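The chain contents come next:
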Amino acid sequence: MRVIGQEEVRARLTYEVCIPIVRAAMIALSRGETRQLLRSIIPLAQGHMFGVMPGALGERACFGAKLVSVFPENFAQGRQSHQGVVVLFDGESGASICVAHAGEITAIRTAAASAVATDALARPEAHRLAILGYGEQARTHLRAISRVRRLTDVRVWGRDLARADAFAEAMSAETGLAVRALAGARAAVQDADIICTLTSSKTPVLHGAWVEAGAHVNLVGSSYAGPVEVDHDLVVRARLIADSREGVLAQGAEVLAAKAAGLIDDSHVVGEIGEVLDGRLAGRQSPDQVTAYKSLGHIVQDLASAQALMEL
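All figures in this text were calculated on a predicted structure; none of them were measured in a lab.

All right, on to the overall build of the protein chain then. For the protein chain, the helix and strand inventory stands at 11 helices and 15 strands. For 312 residues, the compact-globule formula gives about 20 Å, and the C-alpha radius of gyration of the protein chain, at 18 Å, lands near that figure. Seen through its C-alpha atoms, the protein chain measures out along the principal axes to roughly 55 × 40 × 40 Å. Counting all 312 residues of the protein chain, 55% fall into the buried class. Partitioning the intrachain contacts of the protein chain with sequence separation of at least 6 by distance along the chain shows that 71% fall at a separation of at least 24. If you sum the accessible surface of the protein chain, you get close to 12,700 Å²; carbon and sulfur atoms cover 53% of it. Distance between charge centres in the protein chain, computed from 31 positive and 34 negative side chains, equals 1 Å.

Attention now moves to the packing of aromatic side chains. In the structure shown here, the tally under the stated rule is 1 aromatic pair. An angle of 5° between the planes, with centres 5.2 Å apart, marks the rings of phenylalanine 63 and phenylalanine 89 as stacked. In this pair, phenylalanine 63 sits in strand S5 (residues 63–70) while phenylalanine 89 sits in strand S6 (residues 82–89), placing the two residues 26 residues apart along the sequence. We classify phenylalanine 63 as partly exposed; its relative accessible area is 31%.

Our focus in this paragraph is the side chain of serine 114. Considering the arrangement of structural elements, one finds serine 114 in helix H3 (residues 102–121). According to the relative accessible area criterion, serine 114 is buried, its value standing at 0%. With sequence-adjacent residues up to four places away left out, serine 114 is seen in contact with His141, Asn218, Val220 and Tyr293.

Parameters and conventions
- Residues numbered from 1 in each chain as written.
- Predicted model: local features only at pLDDT ≥ 70, side-chain atom pairs only at ≥ 80, totals over all residues.
- Heavy atoms only, no water.
- Helix = DSSP H or I, 4+ residues; strand = E, 2+ residues; numbered from the N terminus.
- Rg over C-alpha atoms; globule rule 2.2 N^0.38 Å.
- Buried < 20%, exposed > 50% of the residue type's maximum accessible area, 1.4 Å probe, protein only.
- Contact = heavy atoms within 4.5 Å.
- Areas by Shrake-Rupley, 256 points an atom, 1.4 Å probe, with all protein chains shown as cover.
- Lys, Arg positive; Asp, Glu negative; His and termini not counted.
- Charge placed at Lys NZ, Arg CZ, Asp CG, Glu CD.
- Phe/Tyr/Trp six-rings, centres within 6.5 Å; stacked < 30°, edge-to-face > 60°.

Written out as structure tokens, the structure is:
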């Protein structure tokens with residue numbers, strides 16, 4: 001059995017490799033070529049969670065699962081918040097063939113998926129990026145989205161301005177982009193073409209009234225039913241595209257909250273990013289439309305990434 005550790009994942013699963021892999025995986029998902037169950041989450045003490053995500057890339061293709069723990073306070077201690085493994089099985093023999101570092105795959109493929117959605121839904125000329133959150137996903141999202149749009153202005157906001165400043169300084173040095181930390185989320189998203197919500201907040205950090213016409217929003221931080229990063233106004237206003245429509249209707253917190261308030265029904269989630277990529281669903285319909293991609297993260301992204309690492 002092949003064991004692929006964190007450093008190998010980081011070195012070999014580059015965005016140039018991962019973005020096309022995730023794009024193809026999401027098309028396959030929306031075509032019904034893959035097999036998967038909704039994730040199962042076991043709540044633990046102190047807000048910790050353990051999740052299991054099973055799936056298969058096809059009837060005779062590789063299959064497996066991601067086993068992952070989520071410990072949000074790890075970030076402050078210099079560790080990944082997501083810890084675990086992706087286990088891959090051979091589709092012909094049924095043998096377990098690979099165990100790969102789930103935390104690093106999750107960090108990279110999540111950002112790659114947002115880059116895929118941004119490329120499909122943001123205006124071609126979009127160049128101002130706002131990032132709400134300064135954790136690991138903030139770093140990976142900046143790296144990934146810079147591969148699909150020519151960014152000239154990057155703003156970051158987080159509850160701790162000193163940490164946001166440190167993020168801005170480090171990422172400016174790494175990317176050569178002008179990354180600035182702002183003291184307020186509203187100021188950070190002003191005039192932004194692309195917005196990524198990447199926080200662990202349980203209440204909205206982004207309000208629809210702050211979002212400019214024509215912006216694209218990646219809703220990423222809340223990955224289970226419960227915490228909401230954006231208010232009802234943004235959900236109602238946006239053309240909402242899911243990674244998995246079934247998953248978002250069952251576990252997408254912002255969608256469930258707006259539905260419970262009687263503001264939307266299931267039809268408001270117009271479809272999946274794979275359908276947009278496949279040409280079966282319109283993405284952005286006008287330059288002034290606000291688009292939103294709701295990302296829960298999907299097992300096909302993990303399995304396809306692990307399989308690629310086996311084959312590279």
